[in-house]
Amino acid sequence: MANAEEIEIRINSLEQLFNSLDPAPFRERELDREAERHIVSWAREVAPEKDIQLLIYLPAALVEPEVTRQLAAAVRHHFELLARDKADELGELRRIGRKGLVVGLLVMLFATLSGLALNNAYPGSSFADTLEHSIIIFGWVALWRPIEVLLYDRWPVLRARQLFERLAAAPVVVRPAAG
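Residues numbered from 1 in each chain as written. Predicted model: local features only at pLDDT ≥ 70, side-chain atom pairs only at ≥ 80, totals over all residues. Heavy atoms only, no water.

A.B. asks: Account for helix α3 (residues 126-169), with residues named and values stated.
C.D. replies: Given 3.6 residues per turn, any residue in an α-helix points the same way as the ones three and four places further on. Taking 1.5 Å per residue, 44 residues should reach 64 Å; α3 reaches 64 Å between its end C-alpha atoms and fits that length. At V149, α3 shows its largest kink, close to 45°. Where α3 begins, the side chain of S125 points an oxygen toward the backbone nitrogen of F127, at a separation of 3.4 Å. (Helix = DSSP H or I, 4+ residues; strand = E, 2+ residues; numbered from the N terminus. Expected span 1.5 Å × (residues − 1). Bend = angle between axes of the 7 residues up to and from the residue. Polar contact = N/O pair within 3.5 Å; in protein donor to acceptor, adjacent residues only side chain to side chain.)

A.B. asks: Which residues make up the packing of aromatic side chains, and what values do they have?
C.D. replies: For the coordinates displayed, the defined rule picks out one aromatic pair. Sitting above the plane of the Y57 ring, R10 keeps its charged end 4.1 Å from the centroid. Between the NZ or CZ atom of R154 and the centre of the ring of W155, over which it lies, the distance is 4.5 Å. (Phe/Tyr/Trp six-rings, centres within 6.5 Å; stacked < 30°, edge-to-face > 60°. Lys NZ or Arg CZ within 6 Å of the ring centre and 35° of its normal.)

A.B. asks: So what about the sheet that holds strand β3 (residues 172-176)? Which residues, and what values?
C.D. replies: With parallel pairing, the three strands of this open sheet are ordered in space as β1-β2-β3. Strand pairing shows two members of the sheet lacking a second neighbour, β1 (5-10) and β3, which therefore form its edges. This sheet shows a mean twist of 25° between the axes of neighbouring strands, independent of strand direction. Summarising the sheet, β1 and strand β2 (residues 52-58) pair through six bridges and their orientation is parallel. Of the residues in β2, the one forming a bridge with E5 is I52. This element, helix α1 (residues 33-44), spans β1 and β2 of the sheet and lies at about 160° to β1. (Pairing = 2+ DSSP bridges. Axes fitted to C-alpha atoms, helices over the stretch in contact; angles between N-to-C directions. Contact = heavy atoms within 4.5 Å.)

A.B. asks: Can you tell me about the packing of α1 against α3, naming the residues and giving the values?
C.D. replies: Two numbers describe how α1 lies on α3: the axes approach to 11 Å, and their chain directions differ by 105°. Considering the angle they form, α1 stands roughly perpendicular to α3. Between α1 and α3, the residues in contact are I39, V40, A43 and R44 and L163, F164, R166 and L167, respectively. Split into classes, the residues belonging to the contact of α1 with α3 amount to six nonpolar, no polar and two charged. (Parallel < 35°, antiparallel > 145°, perpendicular 65-115°, else oblique. Nonpolar A, V, L, I, M, F, W, Y, C, P; charged D, E, K, R; others polar.)

A.B. asks: Just give me the short version of a nonpolar patch on the surface, but keep the residues and values in it.
C.D. replies: A cluster of nonpolar side chains, V102, L106, L109, L113 and L116, forms an exposed patch at the surface whose accessible area comes to about 480 Å². Its place among the elements puts L109 in helix α2 (residues 65-121). (Patch = residues over 30% accessible without salt bridge, like charges linked within 9 Å, V, L, I, M, F, W, Y side chains within 5 Å. Areas by Shrake-Rupley, 256 points an atom, 1.4 Å probe, with all protein chains shown as cover. Salt bridge = Lys/Arg side-chain N within 4 Å of Asp/Glu carboxyl O.)

A.B. asks: Could you give an account of the pattern of salt bridges, with specific residues and numbers?
C.D. replies: Scanning the model with the defined rule gives 11 salt bridges in all. Between R10 and E8 there is a salt bridge, with its nearest N and O atoms 3.3 Å apart. Judged by relative accessible area, which is 56%, R10 ranks as exposed. Judged by its relative accessible area of 36%, E8 is partly exposed. A salt bridge links R145 to D153, with the nearest nitrogen and oxygen atoms 2.6 Å apart. A residue is classified by how much of its surface remains accessible, and R145, at 44% relative accessible area, is partly exposed. In this structure D153 comes out as partly exposed when scored by relative accessible area, which is 21%. Here the salt bridges do not stand alone but share partners, grouping E30, R33 and E36 into one network. (Buried < 20%, exposed > 50% of the residue type's maximum accessible area, 1.4 Å probe, protein only.)

A.B. asks: Describe the nonpolar core, naming the residues involved and giving the relevant values.
C.D. replies: With 32 residues, the main nonpolar core has L17, I56, L58, L71, F79, F164 and L167 as its most contacted residues. Secondary-structure elements contributing two or more residues to this core are β1, α1, β2, α2, α3 and β3. Per element, the largest residue contribution to this core is eight residues, and it comes from α2. Dropping the residues within four chain positions of it, L167 is found in contact with I7, I39, V40, A43, I52, L54 and F79. (Core = buried A, V, L, I, M, F, W, Y, C linked by side-chain atoms within 4.5 Å.)

See below:
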């Protein structure tokens, strides 16, 4: 990948790259939080239209084809899991937003009907007008959060999922460290 943006990681041992408390087999292990943070922070700086390549420098004694294959599989697996988690989070946001929207619309309907009933019961009353407006404002406030969830809260989650998908698809190149 000649025009890919490279994210470099220099480590002295494979254990530095992975969470030491994760008992899973090598190819399914979770990345160390600091290593993940490093990769993600650099990947956020890469333009969406550019490819990403992870370049891992290891001591020359550790650079073998099998290690490279397993390392690439482990990194891909880690970011696939993160992307799946974000997809699940996005689905949960949609469910919460839809349920909240139904409740909000019902509250808005009740507020509108209550306001109309007040106005019909006390025509020309400025107090009834004020109360009607207050009830309708309450109805709009009930719709605020569901609309916010459906329209705006999903964007950061969607961007994170796309970034993790890009990182899962990024080729991993292992090279011997100089010196």
